[in-house]
Amino acid sequence: MSTQRLWLRCEKKEFERRSALTPTTAKKLIDAGFQISVERDEQRIFDDAEFEAVGCTLVDTNSWPMAPIDVPIIGLKELPVSQEPLPHIHIQFAHCYKRQAGWSSVLARFYKGGGTLYDLEFLTDATGRRVAAFGYHAGFAGAAAGALALAAQRSGKKLGRLEPYENETAMIEGVKNTLGGSASGVKALVIGALGRCGRGAVDFFRKIGLAEDDILKWDMAETAKGGPFQEILDVDIFVNCIYLSSSIPPFLDNDQIIAAGQDRRLSVVVDVSCDTTNPFNPIPIYSINTTFSEPTVPVDIRQDLPLLSVISIDHLPTLLPREASEQFSSDLLPSLLELPRRNTAKVWTDAEKLFHEKQKEAVKAENL
């Protein structure tokens, strides 16, 4: 059997420091017979030398378009917007299967180039569960960002640029200090609390000292009656962690916020799910993704009402880039070891089948 090659591309999204492969998982792949090329990347949390030390071959930044066509390209976030055809196999989060903004043009690039997309969001095991997800760290980091935004608003300020933390301990202590040493008295509501993302948010709130009774944990049973929900207005921080697959009544809307007037307690909404451009977005109170440099956007309500901010950063786990990458890459490893058998291994054949289904829809939408 020929050696399986794999090419780790650099991330082009600003502030993205995570990596689909880590030196730890790269070494395990190499030990299994893989040949790994790693693009140099000053932004990545892992130094280039860490990959080189375990046997990876370093290559120039953003040189993947020149890689041999038969070498799969792995990354995390979506590629920069372009019309260039894509002839390679790409393993990444593409954010185009749920008809997000620009979805059909993304898939059209694969159609024009003859390439294949294995979307990391849709790699599933035999039970239909995702093989790897950043959900836990997304919820954990989202709760942290929400607490930081709350502290800023209480000081009459806007939350400034977010910087990644070296580890979980540094994040917890940093947020607690920003809150004045204690989060006592802060109240939060997490929707999707039973999933990976929701568990991460709940764990963070516990670790910074919220009382258990001040962490409202909602899931499908609590939202079954349909929104909008008054309870969201009665907490300081609302964190949305649901996986959206179909249209549902909004959890919160502008009319409800305005009607609450000065009695609203809610100060910060963290939309970890970040379905900003999804037509089914259950939090239709904002319309843009926020960033690490501009983490919050104010909700457009009357100026005489208390400020309400939204955080809608679509790569929150990069606040804890090393730990999030190690966990995700470790979970992805068993599937990557199956890559040489992607024509028969179910995790890959299912993903390719879904790609072709979505590509057909895109071809029709683009009139190709």
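Look above for the structure.
Everything in this summary refers to the structure shown in the same document. Note that this is a predicted model, so its numbers are computed, not measured. (Residues numbered from 1 in each chain as written. Predicted model: local features only at pLDDT ≥ 70, side-chain atom pairs only at ≥ 80, totals over all residues. Heavy atoms only, no water.)

## Concerning the overall build of the protein chain
As a reminder of what qualifies: The helix count covers DSSP runs of H or I at least four residues long, the strand count covers runs of E at least two residues long, and both are numbered beginning at the N terminus. Exposed residues in this analysis have more than 50% of their type's maximum accessible area, buried residues have under 20%, and partly exposed residues fall in between, with area computed by a 1.4 Å probe over protein chains only. Note on contacts: a residue pair is in contact if any heavy atoms of the two residues lie within 4.5 Å. Asp and Glu are treated as the negative residues and Lys and Arg as the positive ones, with His and the ends of the chain left uncounted. Lysine's charge is taken at NZ, arginine's at CZ, aspartate's at CG and glutamate's at CD.
When helices and strands are tallied, the protein chain shows eleven helices and twelve strands. With respect to the three principal axes, the spread of C-alpha positions in the protein chain is 65 × 45 × 35 Å. Counting all 368 residues of the protein chain, 54% fall into the buried class. Once local pairs closer than 6 in sequence are excluded, the contacts in the protein chain between residues at least 24 apart make up 74%. Distance between charge centres in the protein chain, computed from 40 positive and 49 negative side chains, equals 2 Å.

## Examining the side chain of Arg-109
The following threshold applies: What makes a salt bridge here is a side-chain nitrogen of Lys or Arg within 4 Å of a carboxyl oxygen of Asp or Glu, nothing more. As used in this structure description, the phrase polar contact means that two N or O atoms lie within 3.5 Å; if the pair is within protein, one of them must be able to donate a hydrogen and the other to accept it, and residues adjacent in sequence are counted only when both atoms belong to side chains.
Checked against the element boundaries, Arg-109 lands in helix 3 (residues 103-113). An unpaired buried charge is present at Arg-109: no salt bridge exists, and Glu-84, the closest side chain of opposite charge, is 6.6 Å distant. A polar contact is formed between the side chain of Arg-109 and the backbone oxygen of Pro-80, at a distance of 3.4 Å. In contact with Arg-109, other than residues within four places in its own chain, are Leu-79, Pro-80, Ser-82, Gln-83, Glu-84, Pro-85 and Leu-86.

## Here we look at the pattern of salt bridges
One pass over the structure, following the stated rule, counts 23 salt bridges. The partner of Asp-48 in a salt bridge is Arg-44, with the nearest N and O atoms 3.7 Å apart. Summarising the burial analysis for this pair, Asp-48 and Arg-44 share the class buried. Here Asp-236 and Arg-154 are joined by a salt bridge, their closest N and O atoms 3.8 Å apart. In this pair, Asp-236 sits in the loop between helix 8 (230-233) and strand 9 (237-240) while Arg-154 sits in helix 4 (residues 135-154), placing the two residues 82 residues apart along the sequence. Its relative accessible area of 5% is what places Asp-236 among the buried residues. Bridged by salt links that share partners, the residues Asp-203, Arg-206, Glu-212 and Lys-217 form one connected network.

## Focus on the sheet that holds strand 12 (residues 309-311)
Note the cut-off: When DSSP locates at least two bridges between a pair of strands, those strands are taken to pair.
If you walk across this open sheet you meet the six strands as 8-7-9-10-12-11, and the pairing is mixed. In the strand order of this sheet, the two ends are held by strand 8 (215-218) and strand 11 (297-298), each with one partner. Looking at chain direction, strand 7 (residues 188-191) and strand 9 are connected through four bridges and run parallel. The residue bridging Ala-188 from the neighbouring strand is Ile-237, located in strand 9.

## Here we look at the environment of Gln-256
Mapped onto the elements, Gln-256 comes out in helix 9 (residues 254-260). Accessibility expressed as a relative area gives 13% for Gln-256, which makes it buried. A sequence separation of 35 residues divides Gln-256 from Ala-221, and the C-alpha atoms of the two residues are 22 Å apart. In this structure Gln-256 touches Pro-228, Phe-229, Gln-230, Leu-233 and Phe-251, once residues within four positions along its chain are discounted. From its side chain, Gln-256 meets the backbone oxygen of Phe-229 in a polar contact 2.9 Å long.

## Re helix 10 (residues 321-337)
Heads up, the condition is: In a helix, the anticipated span is given by 1.5 Å times the number of residues less one. Fitting one axis to the seven residues ending at a residue and another to the seven starting there, the bend at that residue is the angle between the two axes.
For helix 10, spanning 17 residues, the distance from its first C-alpha to its last is 23 Å, which sits close to the expected 24 Å at 1.5 Å a residue. Approximately 35° is the largest bend angle found in helix 10, and it occurs at Asp-331, with the proline Pro-334 only one to four residues beyond. For helix 10, the set of buried residues is Pro-321, Ala-324, Ser-325, Phe-328, Ser-329, Leu-332, Leu-333, Ser-335 and Leu-336. For helix 10, the secondary structure elements touched by its buried residues are helix 1 (23-31), strand 4 (73-74), helix 4 and helix 11 (346-366).

## Details of the sheet that holds strand 3 (residues 57-59)
Read from one edge of the open sheet, six strands run 3-2-1-4-5-6, paired in parallel fashion. Every other strand in the sheet has two partners, leaving strand 3 and strand 6 (116-119) as the edge strands with one partner each. One ladder, built from two bridges, connects strand 4 with strand 5 (residues 89-92); its direction is parallel. For Ile-74, the partnering residue across the bridge sits in strand 5 and is Ile-91.

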